[in-house]
Amino acid sequence: MIAKISAAGLASVLALTLGAGGAQAQKMDLTLGLQLEPPNLDPTSSAAGAIDQVVYSNIFEGLTRFGPDGSVNPGLAKSWDISDDGLTYTFHLVEGAKFHDGTDFEATDVKFSLDRARADDSTNAQKALFAGIASVDVVDPATVTVTLTSPDGSFPFKMAWGDAVIVAPESIDTIANDPIGTGAFKFSKWVQGDSVTMVKNPDYWGTPAQLDSATIKFISDPTAAFAAVMAGDVDAFGAFPAPENLPQFEADPRFQVLIGSTEGETILAMNNGRPPFDNKLVREAVAHAINRPEIIDGAMFGYGTPIGTFFAPHNPDYVDLTNLSDYDPEKSKALLEEAGVALPLKVKMTLPPPSYARRGGEIVAAELRAVGIEPEIENVEWSQWLETTFKGAHDYDLTIISHTEPMDIGIYANPEYYFQYDNPEFQNLMSDLTRVTDEAERSDMLKQAQTILAEDYVSGFLFQLPMQTVANAKIEGLWVNAPTQAADLTAVHWVD
C-alpha cells in the first residue's frame, strides 16, 4: 500500500529535508573586522601596517614568511644555502607558482622586487632591510643568489617582512589598487570606506585556503565594532578596539576571545628634531610625568604590559628599564625648571585613529598638564598622520602610535625617521649588530641598544600592545599572537 501525501505536505517535507541539508553545509566565507583601512594595497611602498594586515600571506608572499609563533619559515623560497663567509645566500624557489594574473613566478621576479626595494628612488618604508644587499643575481628560473656587503645572520628574518614581498614587474603600475601576488587568496574588490574582498586562488602552489572567500570590513569606531560583532555582521574582529567589552564576549558561548601578544611597542613619540624635545631634559620630564598603569587601565582596561624601552617584553633579550622613567611628577617639574623652559609649555599632540592612541592621548595630556606641559590635541585620520607626521615635514611635537613591525629597534638609527633622533653611538651599534652572528654577543648588543634609548629618553615608552581577537566560537585557525602585522586567513575555517 502506498501512502498518499498532499502537495502542501510534500512541500513541507521537502522544506525540512532541504533545511536539514543546509544546516549541515559548512560555511565557506568569512567577514573579518579591522579598525584601520589601508591607504592603498601595496605593502612595498607605504609604512601603513594596515596594508600588511590585509595582504600579508593572503595576497602577497615573500621568500620567507612568519609563522603564527614568530618563527621564520620557507615561503616562495623552499630552502636556501649560505656561503661559508656568510656573504651569499642562494635561494631555491618553489616551482609551479604563478601570480594571480597567470604569469609564472620566477627568479627574475625576485631580482626585480629586491632591486626595486633597494633602489635610490625606492619608496619602501623599510628600505634599511635591503641596505646590506650588494647584488641580486639570477642563476636559473628557480634559483637566485643574494650577495651581501657583510655577513647578516638575520637576512632570512628580514625577508619575511611585509615590505619584502615579491611583486611582478607587470603589476607595478596598478599595484596600489589592484594587488597581484602569489598568495592563497586573489584580490576581488575594494569598496573604499567599507571593505576589501578576496577569493580563493584555485591555482595556488601551496596548501590551498580553506575559505572560498573572505571580506575584511573596516570599522573605526569601537562602539560600532562591538555592535557589528554582536549582530553577526562580522564573524571575527582582529585587534578588537573596545577592550571594555571583552568580559561580555567571554561570558557569551557564541563567541571566543583570544588574548595574545604583538610586536607593538606603544610609545609617546617625541619629535627630537625640534624644540622643546631636542632637549633631553624636557624629554626626561615627559617620561617621568607618565603614569603607565593609569594609561593601561584607562585606555586598555588593564590589557597591556608596561615597557621602559623600545623592545618587546616577550623577547628573551628584553631588559626591564621601566625604573629609569618611573612616574614622578615632582621630578618632572624639577627637570622642566632645570631645562629653563617657560611654563606652561604649549605643544601639539597629534593623535591617529586607533583607540589606544585617542584614549591614551587624553590620559597622557592630563598627566602632562599636571606638571606644566600643555598639549593641544589634534585628532587626524590615518592618511593624514602618515603624510604630515610620519612623512613630509614631520609636523608634530608628540604623537601616540604602536610600532608593530618585528624586532624594529633599528629604526632609531635612522635620523631621517620621524623621531629625528640622531645618535652616532646608537647608529654604529646597530651597524655592528648586522655583522655579528654570535648569539651571546648579539644579545649583549641588543641590551646595550635598549639601554641607550631608555637613558636618552628618546620616546615616552608606554606599553606593549596586546592582541585581542573576538570571534564566532565556530571559527578555527585565527592567529592568537601577532608576530607581524597580519590577519593571515590562509588556515582559517569553520567547524560544526
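Residues numbered from 1 in each chain as written. Predicted model: local features only at pLDDT ≥ 70, side-chain atom pairs only at ≥ 80, totals over all residues. Heavy atoms only, no water.

Named according to an unreviewed UniProt entry, the protein chain is ABC transporter substrate-binding protein originating from Pseudooceanicola sediminis. Within the UniProt record for the protein chain, the comment given under Subcellular location (unreviewed entry) is "Periplasm". (UniProt positions renumbered as here; feature names shortened; annotations may be inferred.)

Q: How should I be thinking about the nonpolar core in this particular structure?
A: A general tendency of soluble globular proteins is for nonpolar side chains to be buried together. Counting residues in each nonpolar core, the largest one holds 101 residues, and the members touching the most others are Y412, Y418 and F426. Top element by residues in this core is helix α10 (residues 355–369). It accounts for six residues. With residues up to four places along the chain from it excluded, the contact list for Y412 reads I267, F310, F419, Y421, F426, L453, V458, S459 and F461. If you look at the next biggest cluster of nonpolar residues, it comprises 33 residues, including L76, F130, I133 and V144. (Core = buried A, V, L, I, M, F, W, Y, C linked by side-chain atoms within 4.5 Å. Buried < 20%, exposed > 50% of the residue type's maximum accessible area, 1.4 Å probe, protein only. Helix = DSSP H or I, 4+ residues; strand = E, 2+ residues; numbered from the N terminus. Contact = heavy atoms within 4.5 Å.)

Q: I keep staring at helix α12 (residues 424–433) and nothing clicks. Help me out?
A: Note on helix geometry: an α-helix contains 3.6 residues per turn, so any two residues three or four positions apart are oriented the same way. Within the span of α12, buried status applies to F426, L429, M430 and L433. Seen from one end, α12 has its buried residues packed into an arc of 95°, which puts them on one side. Those residues of α12 hidden inside the fold are in contact with α13 (439–456). Its side-chain oxygen placed 2.9 Å from the backbone nitrogen of E425, N423 serves as the N-cap of α12. (Arc of directions from axis to C-beta. Polar contact = N/O pair within 3.5 Å; in protein donor to acceptor, adjacent residues only side chain to side chain.)

Q: Would you mind going over the environment of K333 with me for this structure?
A: Inspection of the secondary structure assignment puts K333 in helix α9 (residues 329–339). Taking the C-alpha atoms as reference, K333 lies 9.1 Å from H288; in sequence the two are 45 residues apart. Among residues more than four places away in sequence, those in contact with K333 are A370 and V371.

Q: Looking at this model, I keep getting lost on the pattern of salt bridges. Mind explaining?
A: Close approach of charged atoms allows side chains with opposite charge to pair. Taken as a whole and judged by the stated rule, the model has 20 salt bridges. The salt bridge involving R254 is made with D252; its shortest N-O contact spans 2.7 Å. Residue E374 pairs with R369 through a salt bridge whose shortest N-O separation is 3.7 Å. Relative accessible area serves as the criterion here: at 36%, R369 is assigned to the partly exposed category. Salt bridges sharing partners connect three or more residues here, namely R274, K348, E378, D395 and D397. (Salt bridge = Lys/Arg side-chain N within 4 Å of Asp/Glu carboxyl O.)

Q: Quick question: what am I supposed to make of the packing of helix α8 (residues 292–300) against α10 here?
A: What describes two packed helices is the angle between their axes and the distance between those same axes. For the pair α8 and α10, the least separation of the axes is 9 Å and the interaxial angle reads 140°. Classified by the angle their axes make, α8 and α10 are oblique. In the crossing of α8 with α10, the sense of the turn from one axis to the other is right-handed. Between α8 and α10, the contacting residues are E294, I295, G298, A299 and M300 on the first element and Y356, R359, G360, I363, V364 and E367 on the second. Split by residue class, the contact of α8 with α10 holds six nonpolar, two polar and three charged. (Axes fitted to C-alpha atoms, helices over the stretch in contact; angles between N-to-C directions. Parallel < 35°, antiparallel > 145°, perpendicular 65-115°, else oblique. Left-handed = near helix turned anticlockwise from the far one by under 90°. Nonpolar A, V, L, I, M, F, W, Y, C, P; charged D, E, K, R; others polar.)

Q: Which parts of the structure should I look at to understand the UniProt feature "domain: Solute-binding protein family" (unreviewed entry) in the protein chain?
A: This chain's UniProt record puts "domain: Solute-binding protein family" (unreviewed entry) on residues 72–398. For the annotated span residues 72–398, helix accounts for 26% and strand for 25% of the residues, and the straight-line distance between the end C-alpha atoms is 34 Å.

Q: So what exactly am I meant to see when it comes to the sheet that holds strand β4 (residues 77–82) here?
A: To summarise the sheet geometry, strands pair through backbone hydrogen bonds and adopt either a parallel or an antiparallel arrangement. In space, the four strands of this open sheet follow the order β4-β5-β7-β6, with antiparallel pairing throughout. Each edge of the sheet is formed by a strand with only one pairing partner; in this case those strands are β4 and β6 (133–140). Taken pair by pair, the neighbouring strands of this sheet meet at an average axis angle of 20°, ignoring direction. As paired elements, strand β5 (residues 88–93) and strand β7 (residues 143–148) share five bridges and run antiparallel to each other. When the sheet's bridge partners are listed, F91 is paired in β7 with V144. Contacts from helix α3 (residues 107–118) reach β5, β6 and β7, with the element oriented near 170° to β6. (Pairing = 2+ DSSP bridges.)

Q: Explain the pairing of strand β12 (residues 255–270) here, please?
A: Side chains on a regular strand alternate between the two faces of the sheet. Judged by how many residues are buried, β12 sits mostly within the fold: 13 of 16 residues are covered. Pairing of β12 with strand β17 (residues 459–472), which is carried by twelve bridges, proceeds in the antiparallel orientation. The residue bridging I267 from the neighbouring strand is F461, located in β17. In terms of strand pairing, β12 meets strand β16 (residues 398–403) through six bridges, oriented antiparallel. Its bridge partner lying in β16, E265 is registered against H403.

Q: Where do I start with the packing of helix α7 (residues 280–289) against α9 in this structure?
A: Taken N-terminus to C-terminus, the directions of α7 and α9 make an angle of 165°; their axes are 8 Å apart at the nearest point. On the basis of the axis angle, α7 is roughly antiparallel to α9. Where α7 crosses over α9, the two elements pack in a sense that is left-handed. In this structure, α7 uses L281, V282, E284, A285, V286, H288 and A289 to contact α9, whose residues at the interface are P329, K331, S332, L335, L336, E338 and A339. When the residues that make up the contact of α7 with α9 are grouped by side-chain class, the tally is nine nonpolar, two polar and three charged.

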